[in-house]
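One-letter residues, chain by chain:
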Amino acid sequence: MKLQERLPDRVTVDGRSYKVDFDFRNVLNFMAVLGRDDLIDAARDWHALKCLMRRPPRNWERRAAVVRAVRDLLFPAQKGQ
C-alpha cells in the first residue's frame, strides 16, 4: 500500500463487513499493540482492534481473522505471516 492511497473504511472477513478507522494515529496505536509481548494473543487482538474499531467482534477466532485482514491490507508484502 502506498502512503498517498486512500485506505478503505471497511474490511471484509468471511462475508462480513467491519467498519474500521484507518486514521494514522489509530494505525500507529494498532501497530504498537501488536508489538506488545506482555499480552496473550486474544487480548492483543482485542486491544489492537479497539484502536481501529468501536466494537471488535466478540468471537476470538473472528477477531484474529479481522486482525489478519487488517495486517494484510496495511502490509501486503508480509501477507500471510
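Look a little higher up for the structure.
All values reported here derive from a predicted model rather than from experimental measurement.

Student: Explain helix α3 (residues 60–74) here, please?
Tutor: Since the α-helix packs 3.6 residues into each turn, any two residues three or four apart lie on the same face. Its 15 residues place the ends of α3 21 Å apart at the C-alpha level, agreeing with the 21 Å of an ideal helix rising 1.5 Å per residue. All of the buried residues along α3 are R63, A64, A65, V66, V67, V70 and L74. Considering only its buried residues, α3 is in contact with β1 (10–13), β2 (16–19), α1 (24–34) and α2 (41–50).

Student: Looking at this model, I keep getting lost on the packing of α2 against α3. Mind explaining?
Tutor: Packed helices, taken two at a time, are described by the angle their axes make and the gap between the axes. Where α2 meets α3, the axes come as close as 9 Å, and the angle between the chain directions of the two elements is 55°. The angle between α2 and α3 places the two elements in the oblique class. Judged by the twist between their axes, the crossing of α2 over α3 is left-handed. Residue-level inspection shows A42, D45, W46 and L49 of α2 in contact with α3, the latter providing R63, A64, V66 and V67. Its residues assigned to classes, the contact of α2 with α3 comprises six nonpolar, no polar and two charged.

What counts, and at which threshold
Residues numbered from 1 in each chain as written. Predicted model: local features only at pLDDT ≥ 70, side-chain atom pairs only at ≥ 80, totals over all residues. Heavy atoms only, no water. Helix = DSSP H or I, 4+ residues; strand = E, 2+ residues; numbered from the N terminus. Expected span 1.5 Å × (residues − 1). Buried < 20%, exposed > 50% of the residue type's maximum accessible area, 1.4 Å probe, protein only. Contact = heavy atoms within 4.5 Å. Axes fitted to C-alpha atoms, helices over the stretch in contact; angles between N-to-C directions. Parallel < 35°, antiparallel > 145°, perpendicular 65-115°, else oblique. Left-handed = near helix turned anticlockwise from the far one by under 90°. Nonpolar A, V, L, I, M, F, W, Y, C, P; charged D, E, K, R; others polar.

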